[in-house]
Amino acid sequence: MHKILVVGRAEDGAREVREMIARELPYHLFEATDEEQVKAELEQRVFSLVVVVKSRLTEDDLFLIDRLRNVHYSFSIMVVTDEANATLQKLIGVTEVHTLTRPVGNRNIVGLARKLLVAKRVPKQVFRRFNTNQIAQIESLDDGENLLTSMYNLSKGGAYCEFEANNLLAVGDIIRLKVFLNDTNREYTFNAKVVWTTAAGRFSGRFGCGFRFVTAKDTHRSLLSKG
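Residues numbered from 1 in each chain as written. Predicted model: local features only at pLDDT ≥ 70, side-chain atom pairs only at ≥ 80, totals over all residues. Heavy atoms only, no water.

Undergrad: I keep staring at the overall build of the chain and nothing clicks. Help me out?
TA: Along the backbone of the chain there are six helices and 11 strands. Taken over 227 residues, the chain has a buried fraction of 46%. The contacts of the chain with a sequence gap of at least 6 include a subset with a gap of at least 24, amounting to 62%. As displayed, the chain has an accessible area near 12200 Å², and 48% of this comes from carbon and sulfur atoms. (Helix = DSSP H or I, 4+ residues; strand = E, 2+ residues; numbered from the N terminus. Buried < 20%, exposed > 50% of the residue type's maximum accessible area, 1.4 Å probe, protein only. Contact = heavy atoms within 4.5 Å. Areas by Shrake-Rupley, 256 points an atom, 1.4 Å probe, with all protein chains shown as cover.)

Right, dumping it as structure tokens:
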């Protein structure tokens, strides 16, 4: 059965949107009020639709939506807001993001949610994710600094690590990840982009970092942009 995640605070009307959808559609609904809760929900469940409810969109909301688009799942994102500001305009035409500006009737919100769910099958992770617990090495491509981390999951599309917090990494950085896999008795090297971070990871409580593997072309382009 489809699962829907509604992201937003009560003062922005998120609860009303969640209850509205729950009354009309026979699917499981979950809620999150901040990014930490969003991450926790994405770790536990596979969603068909994420509904972001915010009275006035900010640049921070754009970053959250961008991170939602870059996690290793395939789902549609619906944004419900009150103000057609410049931030909202940046979302127009973005793949898998659909916007509604209030006031809109209940039928508009529920109708779009139903359309997005019917238009595609229940989504699944783009890549199978393997839980692990082993040492990996991160190398900054900017200055060559190395950092040992604990890698807690790995998929064909990315990885998740936790380590002692420092100033080495930020969202958008490109790094080189080296890991030795006991199952294959081989060392692997990946170029990866930081797509999200958390101050307290769910496995060890240390700083956590989600990576998406990138191509050599993406790596070169990123390094040139910082030059």
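Undergrad: Sorry if this is basic, but what is going on with the pairing of strand β8 (residues 158-163) here?
TA: If a strand is regular, its side chains alternate between the two faces of the sheet. Counting buried positions along β8 gives six out of six residues, so the element sits mostly inside the fold. Residues Gly 158, Tyr 160 and Glu 162 point to one face of β8 and Ala 159, Cys 161 and Phe 163 to the other, with burial holding for every one of them. In the sheet, strand β7 (residues 146-155) pairs with β8 via four bridges, with the strands oriented antiparallel. Looking at β8, one finds that Ser 150 is bridged to Glu 162. (Pairing = 2+ DSSP bridges.)

Undergrad: I keep staring at the sheet that holds strand β1 (residues 3-7) and nothing clicks. Help me out?
TA: Sheets are built from strands that pair by backbone hydrogen bonding, the pairs being arranged parallel or antiparallel. The strand order β2-β1-β3-β4-β5 describes an open sheet built from five strands, whose pairing is parallel. Both edges of this open sheet fall to β2 (28-32) and β5 (97-101), since each of them pairs with a single strand only. Pairwise comparison of adjacent strand axes, ignoring direction, gives a mean angle of 20° for this sheet. With six bridges joining them, strand β3 (residues 49-54) and strand β4 (residues 76-81) adopt parallel strand pairing. Bridge pairing links Val 52 to Val 79 in β4. Lying over the sheet, helix α1 (residues 14-24) contacts β1, β2 and β3, oriented at roughly 175° with respect to β2. Of the strands in this sheet, β1 and β2 are in contact with helix α2 (residues 35-44), which crosses β2 at around 145°. (Axes fitted to C-alpha atoms, helices over the stretch in contact; angles between N-to-C directions.)

Undergrad: So what exactly am I meant to see when it comes to the pattern of salt bridges here?
TA: All told, the structure shown has six salt bridges when counted by the stated rule. A cluster of three or more residues bridged by salt bridges with shared partners is formed by Glu 35, Glu 36 and Lys 39. (Salt bridge = Lys/Arg side-chain N within 4 Å of Asp/Glu carboxyl O.)

Undergrad: Where do I start with the nonpolar core in this structure?
TA: Across soluble globular proteins, nonpolar side chains have a tendency to be buried as a group. With 20 residues, the main nonpolar core has Ile 4, Leu 49, Val 51 and Met 78 as its most contacted residues. Elements with a minimum of two residues in this core: β1, α1, β3, β4 and α5 (106-118). No other element matches the six residues that α5 contributes to this core. Counting residues in hydrophobic clusters, the runner-up holds 19 residues, among them Ala 136, Ile 138, Leu 147 and Leu 181. (Core = buried A, V, L, I, M, F, W, Y, C linked by side-chain atoms within 4.5 Å.)

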